[in-house]
Amino acid sequence: MKPQDKRGGISGDAPEPEKGSIMFRLIATDVDGTLLQEGAHDLDPAYYDIIQQLSAKGISFCVCSGRQYHSIRQMFAPVAEDIFYIAENGTLVRTAQEILHIRSLEPEACVPLIEEIRRIPGADMVVSGPDLSWVDSGEDSHLYHLLKDHYQYRLENIPDLTAVPPAEIIKISVYHAEGDRGLQGLLRSRWNRDLELCASGVTWVDICPKNAGKGTALAFLQQHLGVSREETLYFGDNMNDLPAFARAGLAGTVENARPEVKEKADFVADRYEDLGVLKKLRQIFEL
């Protein structure tokens, strides 16, 4: 038997991919911190070219992000009709044409959770549905401008987030300038037993339904496409990517990733500023 690898799956024969040595049918990648700077929106056009080349080889491409679907779709506009989307940290799986899978937060948890987050010093939050996100911090707030102008969200400011119908909520994202370091109380609270809480980017903690996340969403997409774990290549840089690492035959990260992620990855590519993922794709697929 092959030994258990450091991601909790079955290890392969070699951690570093060689040209033409592996038959992948699905590539999934995180965005912020992996392909570009967190909160940026201008992707290097070379990624569009390589996605088209991979598609011509019969290889599916999926963007797997904590971002809103519409934010991702705008970023990948030249190839938007040809790729798959795992959005909102795995609570939404879809194509440009249809929703394939969706998970909602437990309705009874939403209002108490929102009220508790309001009491955390320095914290703010965005509540997300499949097509729209909401804040109540005001249109002049830092959070509103960050989401609207940088992430380019479909966003609405409302008087009170507890007024959002709970059945429409698929994720709550908590923003703190100190990231998960400023949200340790929340991460250690009872909510982490009842829901999935995970660092997502430098300044975010995402709250999703129990057993939802990038890993379960990737497993759904693999089943939908008839693709095995061994035929899947995944790239990510943060803690919320680790469940997807366990669903991939090969998992890579970038030099700027969190140390915990680099420890779990099969290989480390160059930083996002140096187009590390792009270089690695060209190496693996001889493009």
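This text follows the structure it describes.
Only a predicted model underlies this, so the values are computations on that prediction, with no experimental measurement involved. (Residues numbered from 1 in each chain as written. Predicted model: local features only at pLDDT ≥ 70, side-chain atom pairs only at ≥ 80, totals over all residues. Heavy atoms only, no water.)

## Quick notes on the pairing of strand β1 (residues 26-29)
Rules: Think of it in three bands: with a 1.4 Å probe and only protein chains considered, a residue is buried below 20% of the maximum accessible area for its type, exposed above 50%, and partly exposed in between. Per the convention used, a helix needs a DSSP run of H or I reaching at least four residues, while a strand needs a run of E reaching at least two, with both numbered from the N terminus. Paired strands, in this sense, are two strands between which DSSP finds at least two bridges. A clockwise course of the path from the first strand over the helix to the second, judged with the strands pointing away from the viewer, identifies a crossover as right-handed.
Going residue by residue along β1, you find Leu 26 and Ala 28 tucked away on one face and Ile 27 and Thr 29 tucked away on the opposite face as well. Here β1 runs beside strand β2 (residues 60-64); their pairing, made up of four bridges, is parallel. Pairing of Leu 26 across the sheet is with Ser 60, part of β2. One crossover worth recording links β1 to the parallel β2 by way of helix α1 (residues 46-56), and it is right-handed.

## Some details on the packing of aromatic side chains
Convention followed: Whether two aromatic rings pair depends on their centres lying within 6.5 Å, for rings of Phe, Tyr and Trp, where Trp uses its six-membered ring; planes under 30 degrees apart make the pair stacked, over 60 edge-to-face, and the rest tilted.
What the rule picks out here adds up to eight aromatic pairs. When the centroid spacing of 6.0 Å and the interplanar angle of 70 degrees are considered together, the rings of Tyr 151 and Tyr 153 count as edge-to-face. Here Tyr 151 matches Tyr 153 in class, with each residue buried. Arranged with centres 5.9 Å apart and planes meeting at 80 degrees, the rings of Phe 235 and Phe 267 form a pair that is edge-to-face. Taken together, the positions of Phe 235 in strand β12 (residues 232-235) and Phe 267 in strand β14 (residues 267-269) put the pair 32 residues apart, joining distant regions of the chain. As far as burial versus exposure is concerned, Phe 235 and Phe 267 are alike and both buried.

## Structural notes on the pairing of strand β9 (residues 171-176)
Among the six residues of β9, six are classified as buried, and the element is accordingly described as predominantly covered. By the alternation rule, side chains of β9 split into Lys 171, Ser 173 and Tyr 175 and Ile 172, Val 174 and His 176, which are all buried. One ladder, built from six bridges, connects strand β6 (residues 123-128) with β9; its direction is antiparallel. Paired with Val 126 across the strands is Ser 173, a residue of β9.

## Some remarks on the side chain of Thr 34
To be explicit about the condition: Contacts described as polar in this section are N or O atom pairs within 3.5 Å, which, within protein, must combine one atom able to donate a hydrogen with one able to accept it, while residues neighboring in sequence count only if both atoms come from side chains. Contacts are assigned to residue pairs that have any heavy atoms within 4.5 Å of one another.
Tracing the backbone through its elements, the reader meets Thr 34 in the loop between β1 and α1. What makes Thr 34 buried here is its relative accessible area of 1%. Of note is the side chain of Thr 34, whose polar atom sits 2.8 Å from the side chain of Asp 30. Those residues in contact with Thr 34 that sit more than four places away from it in its chain are Thr 29, Phe 235, Gly 236, Asp 237, Val 254, Tyr 272 and Val 277.

## A few points about empty space enclosed by the protein
In this approach, a probe sized like a water molecule rolls over the atoms, and the result shows the empty space that is left. Threshold: Think of a 1 Å grid over the protein atoms and nothing else: a 1.4 Å probe that fits but is trapped marks a cavity, an open set flanked by protein within 12 Å on at least five of seven lines marks a pocket, and residues with an atom within 4 Å of a point count as lining. Grid points are joined across faces, edges and corners, and a volume is the space filled by probe spheres set on the points. Only Asp, Glu, Lys and Arg are considered charged, only Ala, Val, Leu, Ile, Met, Phe, Trp, Tyr, Cys and Pro nonpolar, and every remaining residue, Gly among them, polar.
Considering all chains together, one arrives at one cavity of 30 Å³ or more under this definition. Within this model, the largest cavity holds a volume of roughly 210 Å³. Looking at the largest cavity, it is lined by 22 residues, and the ones nearest its centre are Asp 32, Gly 66, Arg 67, Ser 200 and Trp 204. Of all elements in the fold, only β6, β9 and β11 (204-208) reach the threshold of two or more residues within the lining of the largest cavity. Here the lining of the largest cavity is composed, by residue class, of five nonpolar, eight polar and nine charged.

## What about the layout of surface pockets?
Counted as a void, the second largest pocket has a volume near 240 Å³. The class makeup of the residues in the lining of the second largest pocket is three nonpolar, six polar and six charged.

## Quick notes on the pattern of salt bridges
As a reminder, the rule being used: Salt bridge, as applied in this entry: a Lys or Arg side-chain nitrogen positioned within 4 Å of an Asp or Glu carboxyl oxygen.
Counted under the stated rule, the structure contains 16 salt bridges. Between Arg 118 and Asp 160 there is a salt bridge whose closest N-O contact spans 2.5 Å. With Arg 118 in helix α3 (residues 107-118) and Asp 160 in the loop between β8 (155-157) and β9, this residue pair connects regions lying 42 residues apart in the sequence. Accessibility expressed as a relative area gives 30% for Asp 160, which makes it partly exposed. Lys 262 is paired through a salt bridge with Glu 255; the nearest N and O atoms lie 2.8 Å apart. Among the residues examined, Lys 262 registers a relative accessible area of 25% and is labelled partly exposed. Overall, the relative accessible area of 40% leaves Glu 255 in the partly exposed class. Salt bridges sharing common partners tie together Asp 30, Lys 214 and Asp 241.

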